[in-house]
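The residues making up each chain are set out below.
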Amino acid sequence: MAVHEPSQKTLPRRQAGVAALAFILILLLAISGITLYSAETGITEQKISINDYRSKQLAEAADAGLEFGIAWLSANTPTWITDPSDSDFEIDNNGITTPLGNYNATIQLRRPAANPARVSVIATANESGNAAFTASSKIEVLQNSLVANDPEAP
C-alpha cells in the first residue's frame, strides 16, 4: 500500500486557513479589549455624572435653607445667646433644622457683637441618612431690613 503524500495544491490551502484563523483571533481579542475599555469608561462617566447631580442638588438644598432661614428670621424674634468661643451672638438650640425633600438643612444664625444689626445666615445641607456629603451657603443680612409687611411703594 502506498502512502498518500499531500500534493502541493492542498498544502497552501491549509496554511491559508490557519493564517485566517490567527488573524480572526487577533481581531477578536482587539475588539474585546476595546469593548471592555469603552464599558469601563462609560461606568466612570456615569459615576462622575451622578456625583455632579448630587452636588448640584446639595447646593440647591443649601440655598433653599438660606431662604428658609431668612424667612424664619423675618417672622420670628429669636433669643440670642453669647457664643463663648468668639463673643458673637447666635440663636439658642444650635440653629434650625428643616427637611427639604431628600435633604436636610441646618440653619445657623449668628450676629457679631460689634454690629448686632448684621446677621449671618449659614445653611448646611446633607442627604437624609447620609451626612458624608454636605454643601454650605452663607449670606449676611441686616435684621432691621427684614420686614413682615410689604415695602412702601416708590
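The structure reproduced in this document is the subject of the present report. (Residues numbered from 1 in each chain as written. Predicted model: local features only at pLDDT ≥ 70, side-chain atom pairs only at ≥ 80, totals over all residues. Heavy atoms only, no water.)

**With respect to a nonpolar patch on the surface**
Taken together, the side chains of Phe23, Ile24, Leu27 and Ile31 present a nonpolar region at the surface, about 410 Å² in accessible area. Tracing the backbone through its elements, the reader meets Ile24 in helix 1 (residues 11-75). (Patch = residues over 30% accessible without salt bridge, like charges linked within 9 Å, V, L, I, M, F, W, Y side chains within 5 Å. Areas by Shrake-Rupley, 256 points an atom, 1.4 Å probe, with all protein chains shown as cover. Salt bridge = Lys/Arg side-chain N within 4 Å of Asp/Glu carboxyl O. Helix = DSSP H or I, 4+ residues; strand = E, 2+ residues; numbered from the N terminus.)

**Quick notes on the pattern of salt bridges**
A complete count under the given rule lists 5 salt bridges for this structure. With a closest N to O distance of 3.3 Å, Lys56 and Asp52 form a salt bridge. Here Lys56 pairs with Asp52, and both are found in helix 1, just 4 residues apart, close to one helical turn. With a relative accessible area of 48%, Lys56 lands in the partly exposed category. What makes Asp52 partly exposed here is its relative accessible area of 38%. Note that Arg54 and Glu127 form a salt bridge whose closest N and O atoms lie 2.4 Å from each other. With Arg54 in helix 1 and Glu127 in strand 5 (residues 118-127), this pair connects stretches of sequence that are 73 residues apart. Each of the salt bridges in this network shares a partner with another, and the network as a whole consists of Asp88, Glu90 and Arg110. (Buried < 20%, exposed > 50% of the residue type's maximum accessible area, 1.4 Å probe, protein only.)

**Some thoughts on the nonpolar core**
Counting 13 residues, the largest nonpolar core has Leu73, Trp80, Ile107, Leu109, Val119, Val121 and Val141 as its most contacted members. When contributions to this core are tallied by element, the ones reaching two or more residues are helix 1, strand 4 (103-111) and strand 5. If sequence neighbours within four positions are ignored, Val121 has contacts with Leu66, Gly69, Ile70, Ile107, Gln108, Leu109, Ser137, Lys138, Ile139 and Val141. Residues Leu58, Ala61, Ala62 and Ala135 belong to the second largest nonpolar core, which totals 6 residues. (Core = buried A, V, L, I, M, F, W, Y, C linked by side-chain atoms within 4.5 Å. Contact = heavy atoms within 4.5 Å.)

**Observations regarding the pairing of strand 3 (residues 96-100)**
Bridging between strand 3 and strand 4 involves 5 bridges; their strand directions are antiparallel. Looking at strand 4, one finds that Pro99 is bridged to Asn104. In textbook terms, the turn of a hairpin is the stretch between consecutive antiparallel strands, and for strand 3 and strand 4 this stretch comprises 2 residues, one of which, Gly101, has a positive phi near 70°. (Pairing = 2+ DSSP bridges.)

**A look at the pairing of strand 4**
Direction of pairing for strand 2 (residues 89-91) relative to strand 4: antiparallel, over a ladder of 2 bridges. Along strand 4, the bridge assignment pairs Glu90 with Arg110. For strand 4 and strand 5, the ladder comprises 8 bridges, and the chain directions are antiparallel. Counted as the bridge partner of Gln108 is Ile122 from strand 5. Between strand 4 and strand 5, which pair antiparallel one after the other, the connecting turn spans 6 residues.

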